[in-house]
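Residues per chain, in single letters:
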Amino acid sequence: NSINQNALRYAINLSAGSLSRANTINQHCYGLDYFNKILSLMQHYDAREDQLIAQLNHMKELLLCNQGAHSVITCDTTEYSAHVENGLYGLCDLACKPFTPWKGDIAVPNTPSQAKIIAAPVAFTAKSFATVSYTHPSAPAIAIAANLFENKVLHTRIREQGGAYGAGASYSAMTGSFYFYSYSDPHIASSLFAFEESIHTILNGTFTDNDLEEAKLGMIQGLDAPVSPSGRGDVAYAWWREGKDMMKRMHFRNCILDLTKADVIYAVEHYIKPPFSKGTVVTFAKQELIQQENKKLGSGALTMSHVF
């Protein structure tokens, strides 16, 4: 059930898995690699029980009670004072041990474009590629371009005309990853062609100043969305660990407001169009649909395999 219910997420994680170490780790933790690992443990649990327990104990030693760990508490002053008076309920009394910080030198695989066969009448497709990240001068323009791709082309071509439940483009500025996607889609080939069409549409300047303004407002609305009181500590801590201080966040926001049509076209021309041709396509669909769509893709036909 997990595969069919979350097919788009698995497709995105798999297609982006070779873009960076962060994406590779995400694939191991939440993608098809994780699914297959859990499936294998379930199928061979009796033979691997002792090994699994040993590995979990090893992880416990690596991860828990390390010196220099941070405690993030989100509450009002009264509750915080109560926590401090109670010594954080024994948390401060735990014995801490020195550790060697993890270097993250994990191997990044080369993931080919592919199609995974599942029991679904429609397709869940993603095409991912690497581009520039958060601090690059063109990052705000790439974020705006993703909005324009979706609103100017993808929604019309893939959802309204193609009959898919949804489609879009997404930019992860922190990892420098960009992906196009469609889900519950009766087509594969035409959606992939629409991804490319959206790029050429923006490159040709086929969008108005009003389209650009609406894209900016949509981005600013997301950036300025209030954070719930319970989540403020977690969000602030994440910003700090990512190096996204107030100055950088305000700079990114101001750059979005100042973007011109030429800025967006330049970003698409230099940082989206070149890597797009090398992007990794992954689709999850039934075998008959993949075979039918592969005929339309010609030399770009996707190699089929079962999920497990």
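Residues numbered from 1 in each chain as written. Predicted model: local features only at pLDDT ≥ 70, side-chain atom pairs only at ≥ 80, totals over all residues. Heavy atoms only, no water.

### Here's the deal with the packing of aromatic side chains
So, step 1. Across all of its chains, the model carries 16 aromatic pairs by this definition.
So, step 2. Pairing Tyr165 with Tyr183 gives two aromatic rings, centres 6.0 Å apart and planes at 50°, and the pair type is tilted. Here Tyr165, found in the loop between helix 7 (139-161) and strand 3 (166-172), pairs with Tyr183, found in strand 4 (residues 177-185); they are 18 residues apart in sequence, far enough to count as distant.
So, step 3. By relative accessible area, which is 56% here, Tyr165 ends up exposed.
So, step 4. Among the aromatic side chains, those forming a connected cluster through ring pairs are Phe129, Phe149, Tyr171, Phe178, Phe180, Phe195 and Phe276.
So, step 5. The ring of Tyr10 carries the charged tip of Arg9 above its face, separated from the ring centre by 4.8 Å.
So, step 6. Across the ring face of Tyr165, the terminal group of Arg159 is positioned such that the distance to the ring centre comes to 5.7 Å. (Phe/Tyr/Trp six-rings, centres within 6.5 Å; stacked < 30°, edge-to-face > 60°. Helix = DSSP H or I, 4+ residues; strand = E, 2+ residues; numbered from the N terminus. Buried < 20%, exposed > 50% of the residue type's maximum accessible area, 1.4 Å probe, protein only. Lys NZ or Arg CZ within 6 Å of the ring centre and 35° of its normal.)

### Here we look at the pattern of salt bridges
So, step 1. Counted according to the given criterion, the structure contains six salt bridges.
So, step 2. Linking Glu197 and Arg157 is a salt bridge whose minimum nitrogen-to-oxygen distance equals 3.0 Å. Placement of the pair is Glu197 in helix 8 (residues 189-203) and Arg157 in helix 7, with a sequence separation of 40 residues.
So, step 3. In this structure, the salt-bridge partner of Lys244 is Glu242, at a minimum N-O distance of 4.0 Å.
So, step 4. Lys244 sits in the buried class, given a relative accessible area of 15%. (Salt bridge = Lys/Arg side-chain N within 4 Å of Asp/Glu carboxyl O.)

### Some remarks on the sheet that holds strand 2 (residues 123-130)
Sheet strands associate in pairs through backbone hydrogen bonding, adopting either a parallel or an antiparallel arrangement.
So, step 1. Strand order in the open sheet formed by six strands is 3-4-2-5-1-6, and the pairing between neighbours is mixed. The open sheet has two edge strands with one neighbour each: strand 3 and strand 6 (303-306). Across this sheet, the average inter-strand angle for adjacent strands is 15°, counted without regard to direction.
So, step 2. Bridging between strand 2 and strand 4 involves seven bridges; their strand directions are antiparallel. Bridge assignment links Ala126 to a residue of strand 4, and that residue is Tyr181. (Pairing = 2+ DSSP bridges. Axes fitted to C-alpha atoms, helices over the stretch in contact; angles between N-to-C directions.)

### Regarding the pairing of strand 1 (residues 114-117)
So, step 1. Here strand 1 shows two buried faces, one formed by Gln114 and Lys116 and the other by Ala115 and Ile117.
So, step 2. In this sheet, strand 5 (residues 280-285) lies alongside strand 1 in parallel orientation, the contact comprising four bridges. In the strand pairing of strand 5, Ala115 is matched with Thr283.
So, step 3. Of the pairings in the sheet, the one linking strand 1 to strand 6 comprises four bridges and is parallel in character. By the bridge assignment, Ile117 is partnered in strand 6 with His306.

### Points about the pairing of strand 5
So, step 1. By the criterion of burial, strand 5 is predominantly enclosed, with six of the six residues buried.
So, step 2. The side-chain alternation of strand 5 yields two buried faces, one formed by Thr280, Val282 and Phe284 and the other by Val281, Thr283 and Ala285.
So, step 3. Bridging between strand 2 and strand 5 involves five bridges; their strand directions are antiparallel. When the sheet's bridge partners are listed, Ser128 is paired in strand 5 with Thr280.

### Quick look at the packing of helix 8 against helix 14 (residues 287-297)
So, step 1. Across the interface, helix 8 lies against helix 14 with an axial gap of 8 Å and an inter-helix angle of 45°. In terms of orientation, helix 8 lies oblique with respect to helix 14. Contacts from Ala189, Ser190, Leu192 and Phe193 of helix 8 reach helix 14 at Glu293, Lys296 and Leu297.
So, step 2. A breakdown of the residues in the contact of helix 8 with helix 14 according to their chemical character gives four nonpolar, one polar and two charged. (Parallel < 35°, antiparallel > 145°, perpendicular 65-115°, else oblique. Contact = heavy atoms within 4.5 Å. Nonpolar A, V, L, I, M, F, W, Y, C, P; charged D, E, K, R; others polar.)

Keep in mind that these numbers describe shape and distance, not what the molecule does.
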